[in-house]
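If you want the building blocks of each chain, they are given just below.
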Amino acid sequence: KQWYQRRVRGFAGRVKEKADDYSLFKKDSAYSTSKTFLNAHTVVLARELEGSGIILNSCCPGYVATDMSSHKGHLTIDEGAVTPTFVCTSPTTSGNFYRECRRCDWVSGEYIDPPQ
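Let me sum up the structure you'll find in this document. (Residues numbered from 1 in each chain as written. Predicted model: local features only at pLDDT ≥ 70, side-chain atom pairs only at ≥ 80, totals over all residues. Heavy atoms only, no water.)

1. A word on the packing of aromatic side chains
Phase 1: By the definition in use, this model includes one aromatic pair.
Phase 2: Here the aromatic rings of Phe86 and Tyr98 are separated by 5.8 Å at their centres, their planes lie at 65 degrees, and the arrangement is edge-to-face. Of this pair, Phe86 sits in helix H4 (residues 82-89) while Tyr98 sits in strand S2 (residues 97-99), and the two are twelve residues apart along the sequence.
Phase 3: Looking at Tyr98, the relative accessible area reads 5%, which means it is buried.
Phase 4: One residue, Arg102, lies across the ring of Tyr111, its end atom 3.6 Å from the ring centre. (Phe/Tyr/Trp six-rings, centres within 6.5 Å; stacked < 30°, edge-to-face > 60°. Helix = DSSP H or I, 4+ residues; strand = E, 2+ residues; numbered from the N terminus. Buried < 20%, exposed > 50% of the residue type's maximum accessible area, 1.4 Å probe, protein only. Lys NZ or Arg CZ within 6 Å of the ring centre and 35° of its normal.)

This is the structure in structure tokens:
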């Protein structure tokens with residue numbers, strides 16, 4: 001619980017620091033905010049489930065050409081399914097965020113794993 005509180009306080013501090021430029025939330029703040037807290041909750045829940053044999057991660061499928069993106073995304077639906085499928089079938093550790101089939105820091109956006 002203390003780890004979670006520190007993480008949330010740290011995130012809140014970064015939001016406050018960037019409050020004028022909105023870079024953490026972009027244009028659609030409701031979606032961005034809910035996605036941010038989903039990623040944070042994934043980390044917390046993964047810690048709670050540690051040792052249970054359950055692997056829990058989250059991911060970004062990418063900018064997919066769907067109704068949600070007004071079909072402006074550069075990925076097809078099939079291409080957008082690659083990372084979620086990877087996350088459901090490959091990782092052996094929990095509490096991670098994946099983008100383009102690579103572990104990624106969901107706060108900074110920087111990749112943790114080298115390209116495959």
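Picking up after the structure, the text goes on.
2. Overview of the environment of Thr93
Phase 1: Secondary-structure assignment places Thr93 in the loop between H4 and S2.
Phase 2: Considering only alpha carbons, one finds Thr93 and Leu56, 37 residues apart in sequence, at a separation of 7.9 Å.
Phase 3: In contact with Thr93, not counting residues within four places along its chain, are Ile55, Asn57 and Tyr98.
Phase 4: There is a polar contact of 2.9 Å between the side chain of Thr93 and the side chain of Asn96. (Contact = heavy atoms within 4.5 Å. Polar contact = N/O pair within 3.5 Å; in protein donor to acceptor, adjacent residues only side chain to side chain.)

3. Examining unusual backbone geometry
Phase 1: Positioned with a positive phi, Glu100 is a non-glycine residue whose angle comes to about 55 degrees.
Phase 2: By the secondary structure assignment, Glu100 is in the loop between S2 and strand S3 (102-104).
Phase 3: Phi at Cys101 takes a positive value of approximately 60 degrees, unusual for a residue other than glycine.
Phase 4: When you line up the elements, Cys101 lands in the loop between S2 and S3.

By themselves, these figures tell us nothing about what the structure is for.
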